[in-house]
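Structural overview
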Amino acid sequence: MKKFLFYIFSLFLICCYGSCTYDSIIKIDQVSPKGVLNAILHSDTILMISVSQTGSGVDTEVGFWTEDYMDHYFINHAEADVFVNGQYAGRMERGNEKGIYVLADYVPEENDLVSLEVETPYGLLSGEVRIPALTPILSVDTQRVVNSLSESGFLIFPSIWK
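This section reports on the structure supplied with the text. (Residues numbered from 1 in each chain as written. Predicted model: local features only at pLDDT ≥ 70, side-chain atom pairs only at ≥ 80, totals over all residues. Heavy atoms only, no water.)

1. Concerning the pattern of salt bridges
Put simply, the rule is: Here, a salt bridge means any side-chain nitrogen of Lys or Arg that lies within 4 Å of a carboxyl oxygen of Asp or Glu. Every helix listed is a DSSP run of H or I at least four residues long, and every strand listed is a run of E at least two residues long, numbered separately from the N terminus.
Summed over all chains, the structure comprises two salt bridges. Among the salt bridges present, the one from Arg91 reaches Glu79, with a minimum N-O distance of 3.7 Å. Of this pair, Arg91 sits in strand β4 (residues 87–91) while Glu79 is found in strand β3 (residues 79–84), placing the two residues twelve residues apart along the sequence. For the salt bridge of Arg91 with Asp81, the shortest nitrogen-to-oxygen distance reads 2.9 Å. Taken together, the positions of Arg91 in strand β4 and Asp81 in strand β3 put the pair ten residues apart, joining distant regions of the chain.

Written out as structure tokens, the structure is:
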């Protein structure tokens, strides 16, 4: 009898708690997009930046990472000025890709102070960095790592530390 009551009680709990679902609708306030300035500066290549806006791609009506979204996401009509060590170095030109701007006649040198001022529809974006010295690579050590399956079917990752 106790087993029977236990099974009935368990079945009752499963029916009660198994069917409990709660769907909630999360409403997130729309935030106006902001301008984004990305730049990677090396002391051995020309100066190149990317100008875009914030956004996830999901909340637009044009789709996620489609060509229309790329036109919407990247800013192709910005004016980017470059200053090197406090002196005006020139205005960047649009590159071949969306949102990319280049200054082809300047290659950053060690210890240069590079300032960027980019005028966008979202306001003035700016950034400043001092170009560090090149770090010499003294040696490169590689080791081949082969993963294998154990008897239980789990991957074994051998240590690569010496």
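That shown, we press on.
2. Concerning the sheet that holds strand β7 (residues 113–120)
Condition: By definition, two strands form a pair when at least two bridges between them are found by DSSP. Axis lines are fitted through C-alpha atoms, for helices just across the contact stretch, and the angle between N-to-C directions can take any value from 0 to 180 degrees.
The strand order across the open sheet formed by four strands is β4-β3-β7-β8, and the pairing between neighbours is antiparallel. Strands with a single pairing partner mark the edges of an open sheet, and in this sheet they are β4 and β8 (123–130). Mean inter-strand twist for the sheet, computed between neighbouring axes without regard to direction, equals 20°. Here eight bridges tie β7 to β8, and the two strands are oriented antiparallel to one another.

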